[in-house]
Structures are given as C-alpha cells and as structure tokens.
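Read off the chains here:
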Amino acid sequence: MEKDASVTASHIPASELLSQTMLTIFDTVHAAKAVIIQEENFKQFAIYMEKVIVVLKELANLNIDDSESLKIAVEILNREIKVAKQLTVECGKRNKVYLLVNCQRIAKNLEYITKQICQVLGLIPDISFNINDKLSELRKDMSDCEYRVTAVEEEMLEKIEAGIQEIDVDKSHANNLLLCIADAAGISTEQAVLKREFEEFKSEVGDKNEIDYVNIRKDSADALKMGKIVTLLARADATTSPEEKEIKYFNKRNSLGRQPLEPLQAFYCPIIQDVMVDPVETSTGQTFERSAIEKWFAEGNNLCPLTATPLDMSALRPNRILRQSIEEWKDRNTIIMLGSLKSTLNSNDEQEVLQSLGKLHDICIERELHCEWVMMEEYSPILIGLLGAKNREIRKLSLVILCILSKDSNKNKERIARVNNAIEAIVRSLARHIVESKLALQLLLELSRSNLVRNLIGNVQGCIFLLVTISSSDDTGAAKDAKELLDNLSFLDQNVIQMARANYFKPLLHLLSSGNHDDAGPENVRMTMAATLSEIELTDHNKLSLFEDGALQPLLSLLSHGDMKMKEMAVKGLYNLSSVPQNGLRMIREGAAGPLFELLYRHSLSSPSFRGEVAVIIMHLATSTTTLEADQMHVSLLESEEDIFKLFSLISLTGPDMQQIILRTFHAMCQSHSGLDIRTKLRQLSSVRVLVQLCEFDNHMVRANAVKLFCCLTEDGDDSTFLEHVSQRCIETLLRIMETSDNVEEIAAAMGIISNLPKESHITQWLFDAGALKIILRCLTGGNSSASYKRQVIENGVGALHRFTVSTNQNWQKEVVSCGFFPILLQFLDSGTALTKRNSAVSLKQLSESSNGLSRPVKKRGSLWCCFSSRDIGCRVHLGICTVESSFCLLEANAVLPLVRVLEEPDVGACEASLDALLTLIEGERLQNGSKVLSEVNAIVPIIRLLSSSCTELQEKALKALERIFRLVDFKQKYGNLAQMPLVDITQRGNSGMKSLAAKVLAHLDVLHEQSSYF
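Treat the numbers as computed from the prediction; the structure is a model and nothing was measured.

A. Geometry of helix α10 (residues 191-205). The end-to-end C-alpha separation of α10 is 21 Å, in line with the 21 Å expected for 15 residues at 1.5 Å each. If you check which residues of α10 are buried, you get Val193, Leu194, Glu197, Phe198, Phe201, Glu204 and Val205. What you see down the axis of α10 is that its buried residues fit within an arc of 130°, all on one side. Pointing more than 90 degrees away from the buried face of α10 are the exposed residues Ala192 and Ser203.

Following this line, the structure appears as structure tokens:
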C-alpha cells in the first residue's frame, strides 16, 4: 500500500496533500450528516472525521513538506476517505427502502471503512507529542467502534425474514411490513408515494452498483434474497394498482377452462387420505400432512407409515414445492367456482341461494387473496341486493361475507360503499332482528375505518339515531361497537351535531374542549359545538349529564375569550344548560357569575338580545340559590350592597324585557338562604319606591314581577320603609290589580302586600274605603281553591282580612261579617292549609274579642207577657242576646268545634291561633260558662295535651288557661288526673315562670302543698 502511494505522492508537497484530503473529509462529513437511514451511525462516523480534520490541520501548520512518510500516509488516507465519501453519498441519494432493507450490510461496511481509516492514521509518523496523543486517542475510539442497526430496523428485518420463509404470505402481512418500512424510513403512507418507492426499490435491486465495498462482486444468494423481498412487498395493496391486479387476474381466469380439476394423487396425505394443507417431508423422503405425522409420532410410532423404516422425528422439512402446487390447484378451482356462483345467487330458490352463499363464505375465509378475487368478480352489488331479501338467513350470511370482504382493505370498503344504495341497505338491516342488527353494525364499523366511507354512513337518514340507541343497549358487545362507530363518524361536524340531537354528547364535548378538526380552525369548531348546545332541545337529565361530563369549563373558556362572537356562542350554550338548578349552582361555584355580570354591564358592546340572554342565565343562577342544596352549601349570587345596587339600577336603565328578568332574579334571590340580607339591602336602597312605581306599569309582565318582588320585601323589615312610600294611590293600584289581573300569582302577591303592610289604621281605612273587602271576598270564593297558586291567594287573602277584624274598629268588623266572611273562615278552618287555618283563627279571635260588648242584655218581661210569649234565651257564654251578625259570637256561628279540631293540628301556629280564639270564651267573668262550653265540645283534653308541646309559648298559654279552669271544682275533679303528669314534667323541665305556675295548678289539684318550694 505504501509503495503504490509513493509514486504519486513524491512530487506533491505534503501541505497540498493535506489540504486535498481535508476537503474530501469536509465533503464526506457533510454527506454523512444528510443520511437518514442509519442516521445515528453516520453521525458518529462524521464525529470521527471531524476529529481527523483537527489532527490534519495541526499537521498542516508544521513545516513538514519534505516528509516522504507523511506524504505516503496522507495519500493512502485520501483514498480511504474517498471510499467513505462514496458510501455516504450513495446512502444519501439511493432509494430509502433499498437502504433500509440493506441496513445491516451498510452498518458493516461503514464499520469496515472506519477501521481501515484507523489503520491508515497509524501510518502518520511521529512529529509532535500533542498530535501523537490526539492520534492515539482517536485511533483507539475508532478501533473500538461498533455500528448497530436500530430496534425498529431489526424488527423490520425479522418480519422480512419471516415473510420470505412463508410461501403463502397474507396480504395483511405484506401491508403491515410495507407500513413498517415506511415508518422506519420516514416515507409517507399515501399509496402513490409507497408505489413510487417500491418501483424505485425494484430498480435498485437490479442495479449493479451494489453497496458492498468489502466484496465488490454481487453475491448470488443475496441477489436471490432481494428478489424474494421484492416478491413479498409486491403482495401489498399499495405496490400494485387495482387495475394491474385485475388485468393479471382476468388474464389468468381466461386462460383456465370451465371445469375444476381433480387433485393429483401426490396432493393426498397417505395417513388421512385428504388433500394436504401443510405438507412436510420426513427423513425417508415421504411427504405427509404436518398435523397427521405429528399425531403419528405422538401416538408412539417411530417408523415411517409407508416404508416402515425408522424416522427422525426432528427432521421434518416443509415441502414448499408441493405446497405451492396444491395452492395453485386450489386457486385454479376457486377461480372457476367464482365464475359459476353468480348465476345461482340470483336464483329464486332460497335454499340454492343459501348454499351458494355458504360456498362463497368458505372461499372468502380460506385466503385473503380470494377476497380480492371476489371483489374483482363484482360480487358486492349482488350481496348488497340480497340484503333486501325476505329470507333473514340470506340477509345475515350476506352481511357476514361483506364484512369479511371489507376487512383490512380500504379499497374493498370503498367499492362496497359505492354500490348503489349500499349503505342505506346496511342501515335497514341495522333496524331489524337483533342478530342481523349486530352483523350490520359490525359491517358498518368495518366500513367506517375508511375515511371516504365515513361520510356516506353519517348521511343516511336515521343511521346515527339507531347507533345512539344501540350504544345504550344492554348488549355490551353491540353497545361497544356502536360507540366505536360513532367515534369514527365524529370526524365530521355534521355527524357530531346529529349525535348530539340524538342525545349522544361525547364527541360534541370533545370538540367543544379541543376544537380538533383538520378541516376548520379549532375556534370555529368550538363555536359550532356551542351553537349546537344552544339549539337542541334538552331534557333536564341531559343538561345535568352535559355538565357532569365536562361541558361547563369549555363554555366558560369561550365566555372569557376576547372575540365577541365566541362570547355570544358561549352565552347561547349556557342559556340552554343553566335552567337546571344543579347546573346553576355549579356555574356559581366555578366562577361564571363574574364574567356574566361583566357582559351584562357592558351594554355598549352587546346587542339587546345578547344582554337579554345573559340576564336570563343570571336569573337561572339566582333561581338555583333557592334550592336546599344551595342552602346547605351557603351559595350566594350577590353579597355586597354595591353589587345589589348595580344590578337593581339596571331596572331604570333598560326596557321591559330586561326589567322583568331582573325583577325575577331579585325575587329568586330574596327566597334564597341569604334572602333576609338581600331584602334588607334592597329596602335600604329605596327599591320600594321603584317597585311602587312599577306597579302602575302598563306592561303586565313587568308589573306582575314588580308586585311579586314587592310582596317579598313586605315579609319583614321596618314599617317606616313602607309608610314612607305606600300611599292611598298605591293601595288603589294594588286593589285594581287584584280586581282586573288574570295572573293569579300577581293577585296572590298583591294580596300578600296588603296582608303584610304595616297595620296602621289609616292604611286599613284606605283599603276599606276602596272596597277591599268585596275584592278579597271575590278572590277567596272564585276559582279552584285546590290549585297551588290559588292556595297562595287564599292564604294571603285570609291574612289580609286580619286588618279588618281588629276589635278596635267594630265598623270594619261588622262589614266583614255582613260581607259573609264568617262561614268562609269556618270552611277554611276545616279545609285550608296550616297557614290559612292560623289566619282564619286569628280573625275569629279578633271578632270574638268584641262579642261580650256587643251582646244585648236579655230583657225582663212582665208576668202577663210570660203567659203569652216565650222568653228570650241568652248566650250561654255572654249571657245576652247574641247573633253572628250583631255580636260575632263563636257559639252562634258554630265555630267552637272547628277551632277545637285545629288544636289537634301538627302546625304550632294554627294551634296557637285556635287556642287564642277559644280562650276568648273564658275571659273575665265568662270563666264558668265558657269552661262548660269548652268541656261540652271536648276542648279541655286537647288543651291539656298542649302542655307537652315543643313550643314554649303554646305550652305557656295552655298552662295559664288550665290554671284558671282548674279553679273550678267540677273541672278540677274531671280533668285533674289527666293533667298531673304534664304539669309535673313542666315543674321539672320548664323555665322558672312556668315551673311556678305549674306548681300553682298542681296545688289547685291538691298534688302540691301551697308552701312548696316551687312557689
């Protein structure tokens, strides 16, 4: 090597040789960094070469042009670098598939070249200690280098080897192998690209410029192997066009006869006497079916079944030539059969059709290649047509065959889908019997794996609805397939929208969160999904499910988006979902209120309709705060006085539509757990003045909601607030509403205001003068009193009647009685709600307080008058002449017994009011007579029971009443024993005042001495 180099190097200076060599190395490094296949190995090689350049540069800086040994070494190095450059350039420009298939050889060649360069570097003479050290370290690294193929490349090579060893490789194996090669080489998986790469690969295989610098001549075994790889990859769909496959198939079919051939005797296994599938040759040279000879060995036989000579059980060899012959014979007969089956499938004989379908099914499952032939023979239109057959078994078997044909072949999927009305026919089967439906579902699922077919499936009317129905069925397998199919169809927005309309929201929620569709920007997709949520009709269950599955956060994200259109879509979606109280609470907890109020107040940037939608959502949130869950969690919508003022002030700045929404919002908040605080702050903000004005509004909706909110504010608070703003005109307005409105809720609220307003005499007089009693009477007696809204009218109406039954104004009382309220009050004692019974009892009590003063004394008559006329009989309690109309007497009105019945009610308020009314009968000097009346109607026993009431006030009133009643000996003796235990219990557990009084009663009953410590 040195002698060859010395001739060319003797006349060239060493510095020039070094420059030439460095330039070659620079080119080699540049080419190595551009290599894709074996990228890491070539990068490492480039690092070595860069280190060589560093050494050569240092040599060039020395004055060593006269060193002949250096010239020779550099000349040899230059030649080796040129070899390396050729390898790197070739690997950078040759076909990727070819390079990948030869990756092991390339790695070995690169390693060989690296070690050759390492040896040449050893020829450089010792010139400098520094250079010598660097050369030694570099040579050590290069001599130890090992270039390996990657794990992906190694796996690919194993698949290639397995495919070469197998004679009848499935098309799916070839397809997977080609995709594996494409992935490893960074090649696009588009068919046109794969086919081009494959054609280049075939061309490269025939190229004599083989990448092998160790053995320049092509090895025949390697050439054969490369040819097998070409044959293997040629089975893949992408490497051969459908047209080429069809031409090849029909040329073969036309060359055959019409009659199938009988199998050759050599095809039969001597053991099982059937055509072999996997023939193997034994050590004696005989061929058997693999499973049969293995069974022969397993049964303990070690002699050949034909020759009886000993067999080596480990020496079974595949008889590939015979197997290929058998396969060719089968293929020939299969092609002939495919040509003859078409006519029988069109037969009117159902049994013949079923038999032919069975044969076709067996052909399809035998080999993957057969499915290609079936498709080429145009069986798919026939099978689609059979889906309309009356015979269910024909339809089912047709679906099974179509599913086999479409499996693992996008081309077949597309050809099936292109058949006229194919998808429609399959969808019709989807709606049939459960077994047929599941087969149709499996076929649609397989077809949906083709991007082109997916769009066709979603376009069939009713398909997505059926799939959604199946996805929620009890059949877990069918449900799983339906969900997978729906996910496949969700690549189109229109399909996702159809799914949502059928109450399948998973794809919509995914797009709402990510907006991940390639055909449109993510923001546009999210807007579309939000718009869909706003448009579809949803049940409350669906609304809850959507929030539970994650709809809220994406909508809140859109709500905070800088683009106004995004905000509008978010508002529309929330508008539809927020009406369920649980959703409203979740929105409040997750911070939706702030952005919504901000939008509501930015009136200059939004349309009235948009603001209205925002206001409705806020109203929904307010409504959610009235629930028990909100009460337990202490969720509030507004807390500060400033926030309340800001929202309430919009009533004066907006139109009727917005006004009534805001009024409803405040009405809801007033009924929440923080309602007392809201009502207090509203009254402080002079809202009563605004509401009084709104009560005169022409817009009935605004007026009705103003009246309802006004009623809420009158439930508590300082009387001065209302006295300041409620005038006679306001009173007349409320009565007019009660008289003319057809909104029962509004009537109930107006009645509630009248009931709740301060009990000032001038307000009651205004009501009296304006004919309030007759209006109240009409409200109480008209309509269906069992309806919930009518119940509120009655409760508030009877409550309003309190104003007119006070004993301080007997004129009002007389008008109440003359209007006929007495029997109505008695009716409500029996049939009203607890609140109505309490209010009725209060009015009766107030009327009864005037009875004693209004009872007329019984006139004394002369003796002669007595002979000719009956004497006037006075009231047993009031001892005078009493009537309902003149003295409002409870006895004359037969009110005592209904009041006693109310004492048995569980409602404490009703019991207390009824007791108050009954106790008017034993006041003062009426104790004796009144107690007798109470005893006769069995009222004293219920009063004794009230001693055990949980209400202290009621307990105390009953105790005081019994203390007076038990002063009378007769009643003490009759009821004393019954009262002893409750009284003793009070002396032990009651407050100090009640203990003393209970002890006093026990003293009346002779149970305690009057000197007891309880006194």
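B. Representation of the side chain of serine 450. By the element assignment, serine 450 lies in the loop between α21 (434-447) and α22 (451-459). Residue serine 450 is classed as buried on the basis of its relative accessible area of 1%. Contacts of serine 450, omitting those with residues within four sequence positions, involve Asn410, Lys413 and Glu414.

C. Spatial organisation of the packing of helix α6 (residues 103-121) against helix α7 (residues 129-144). Relative to each other, α6 and α7 sit at 155°, their axes nearing to 8 Å. Comparing their axes, α7 and α6 come out roughly antiparallel. Crossing hand, α6 versus α7: left-handed. Every residue of α7 that contacts α6 at Thr114, Lys115, Ile117, Cys118 and Leu121 is listed here: Leu135, Leu138, Arg139, Met142, Ser143 and Asp144. Grouping the amino acids of the contact of α6 with α7 by side-chain chemistry returns six nonpolar, two polar and three charged.

D. Main features of the sheet that holds strand β2 (residues 287-289). The strand order across the open sheet built from three strands is β2-β1-β3, with neighbouring strands paired in antiparallel fashion. Every interior strand has two partners, whereas the edge strands, β2 and β3 (317-318), have only one.

E. How the structure looks around the packing of aromatic side chains. Counted according to the given criterion, the structure contains seven aromatic pairs. On the numbers, 6.4 Å between centres and 50° between planes, the contact of tyrosine 98 with phenylalanine 201 is tilted. With tyrosine 98 in helix α5 (residues 96-101) and phenylalanine 201 in helix α10, the pair connects residues that are 103 residues apart, well separated along the chain. Three or more aromatic residues joined by ring pairs make a cluster, and in this case those are Tyr249, Phe250 and Trp373. The cationic tip of lysine 342 hangs over the ring face of tyrosine 379; the distance from NZ or CZ to the ring centre is 5.8 Å. Geometry around phenylalanine 491 places arginine 454 over its ring, the cationic atom sitting 5.6 Å from the centre.

F. Spotlight on the side chain of threonine 24. In this fold, threonine 24 is placed in helix α2 (residues 14-33). Assessed through its relative accessible area of 12%, threonine 24 is described here as buried. A polar side-chain atom of threonine 24 sits 3.5 Å from a polar atom in the side chain of asparagine 78. Filtering out sequence-adjacent residues up to four positions away, threonine 24 remains in contact with Asn78, Ile81, Lys82 and Lys85.

G. Up close: the environment of alanine 182. Positionally, alanine 182 belongs in helix α9 (residues 171-185). Along the primary structure alanine 182 and aspartate 549 are separated by 367 residues, whereas in three dimensions their C-alpha atoms are 39 Å apart. Excluding residues that lie within four positions of it along the chain, alanine 182 makes contacts with Ile187, Thr189 and Leu194.

H. Inspection of the pattern of salt bridges at higher detail. All told, the structure shown has 50 salt bridges when counted by the stated rule. Glutamate 446 is paired through a salt bridge with lysine 413; the nearest N and O atoms lie 3.2 Å apart. Of this pair, glutamate 446 sits in helix α21 while lysine 413 sits in helix α19 (residues 410-418), and the two are 33 residues apart along the sequence. Taking the relative accessible area as the measure of exposure, glutamate 446 reaches 7% and is therefore buried. Between glutamate 446 and arginine 449 there is a salt bridge, and its shortest N-O distance comes to 2.8 Å. Looking at arginine 449, the relative accessible area reads 37%, which means it is partly exposed. Each of Asp278, Arg290, Glu294 and Arg323 takes part in salt bridges that share partners, so that together they form one network.

Conventions adopted
- Residues numbered from 1 in each chain as written.
- Predicted model: local features only at pLDDT ≥ 70, side-chain atom pairs only at ≥ 80, totals over all residues.
- Heavy atoms only, no water.
- Helix = DSSP H or I, 4+ residues; strand = E, 2+ residues; numbered from the N terminus.
- Expected span 1.5 Å × (residues − 1).
- Buried < 20%, exposed > 50% of the residue type's maximum accessible area, 1.4 Å probe, protein only.
- Arc of directions from axis to C-beta.
- Contact = heavy atoms within 4.5 Å.
- Axes fitted to C-alpha atoms, helices over the stretch in contact; angles between N-to-C directions.
- Parallel < 35°, antiparallel > 145°, perpendicular 65-115°, else oblique.
- Left-handed = near helix turned anticlockwise from the far one by under 90°.
- Nonpolar A, V, L, I, M, F, W, Y, C, P; charged D, E, K, R; others polar.
- Pairing = 2+ DSSP bridges.
- Phe/Tyr/Trp six-rings, centres within 6.5 Å; stacked < 30°, edge-to-face > 60°.
- Lys NZ or Arg CZ within 6 Å of the ring centre and 35° of its normal.
- Polar contact = N/O pair within 3.5 Å; in protein donor to acceptor, adjacent residues only side chain to side chain.
- Salt bridge = Lys/Arg side-chain N within 4 Å of Asp/Glu carboxyl O.

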